[in-house]
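Each chain, written out:
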Amino acid sequence: QVQLVESGGGLVHPGGSLRLSCAASGIIFSINAMNWYRQAPGKQRELVAGITSGGNTNYADSVKGRFTISRDNAKNTGYLQMNSLKPEDTAVYYCNTRFIREEHWGRGTLVTVTS
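For the rest of this paragraph, the subject is the state of the cysteines. Taken as a whole, this structure holds one disulfide when the rule is applied. Across the disulfide from cysteine 22 sits cysteine 95; the S-S distance is 2.0 Å. With the S-S bond torsion at -75°, the cross-link from cysteine 22 to cysteine 95 turns out left-handed. With a gap of 73 residues between them, cysteine 22 in strand S3 (residues 18-25) and cysteine 95 in strand S9 (residues 91-99) connect regions that are remote in the sequence. By relative accessible area, cysteine 95 is classed as buried at 0%.

For the rest of this paragraph, the subject is the side chain of asparagine 35. Residue placement: asparagine 35 occurs in strand S4 (residues 33-39). Those residues in contact with asparagine 35 that lie beyond four places of it in its chain are Leu47, Ala49, Gly50, Ile51, Tyr94, Cys95, Asn96 and Arg98.

Here the distance between the centres and the angle between the planes together describe a pair of aromatic rings. Within this structure, the stated rule accounts for one aromatic pair. When the centroid spacing of 4.9 Å and the interplanar angle of 55° are considered together, the rings of tyrosine 37 and tryptophan 105 count as tilted. With tyrosine 37 in strand S4 and tryptophan 105 in strand S10 (residues 102-105), this residue pair connects regions lying 68 residues apart in the sequence. Above the plane of the ring of tryptophan 105 lies arginine 45, whose end atom (NZ or CZ) is 4.7 Å from the centre.

Right, let's get into the sheet that holds S3. Read from one edge to the other, the open sheet built from four strands follows the order S1-S3-S8-S7, with strand pairing classed as antiparallel. One side of each edge strand has no neighbouring strand; the edge strands of this open sheet are strand S1 (3-7) and strand S7 (67-72). Between one strand axis and the next, the sheet turns through 15° on average, direction left out of account.

This next bit is on unusual backbone geometry. One non-glycine residue, asparagine 76, adopts positive backbone phi at about 55°. For asparagine 76, the location among the structural elements is in the loop between S7 and strand S8 (77-82). What makes asparagine 76 partly exposed here is its relative accessible area of 28%. Here isoleucine 100, not a glycine, exhibits a phi torsion of approximately 55°, which is positive. For isoleucine 100, the position within the fold is in the loop between S9 and S10.

Scoring rules and cut-offs
Residues numbered from 1 in each chain as written. Predicted model: local features only at pLDDT ≥ 70, side-chain atom pairs only at ≥ 80, totals over all residues. Heavy atoms only, no water. Disulfide = S-S within 2.5 Å. Helix = DSSP H or I, 4+ residues; strand = E, 2+ residues; numbered from the N terminus. Buried < 20%, exposed > 50% of the residue type's maximum accessible area, 1.4 Å probe, protein only. Contact = heavy atoms within 4.5 Å. Phe/Tyr/Trp six-rings, centres within 6.5 Å; stacked < 30°, edge-to-face > 60°. Lys NZ or Arg CZ within 6 Å of the ring centre and 35° of its normal. Pairing = 2+ DSSP bridges. Axes fitted to C-alpha atoms, helices over the stretch in contact; angles between N-to-C directions.

No statement about biological role is implied by the geometric values presented.
Right, here's the structure in full:
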């Protein structure tokens, strides 16, 4: 059974930082691309950052320079380091893995940025 479990969300003030984790089981994590998506209230889910199995990364323009995606294949875990958080970063953040046509999603973790 495949499971992706996100953790690390919470309430933070503007300018603060959080690190999200995505623990994967039931898949060969190292061969999967891993992505972080987010969905804010009333908005569509959007891609925040992605990392390939080879370690190449890409970011949404809105988070470039503030967020860093990484992975530890030995721990079957991916990360999203979020710095300089803004109120507009408030959303449920979802972990996603993808290998050819096989795709999996976590249940999400809520990030709230408010003063």
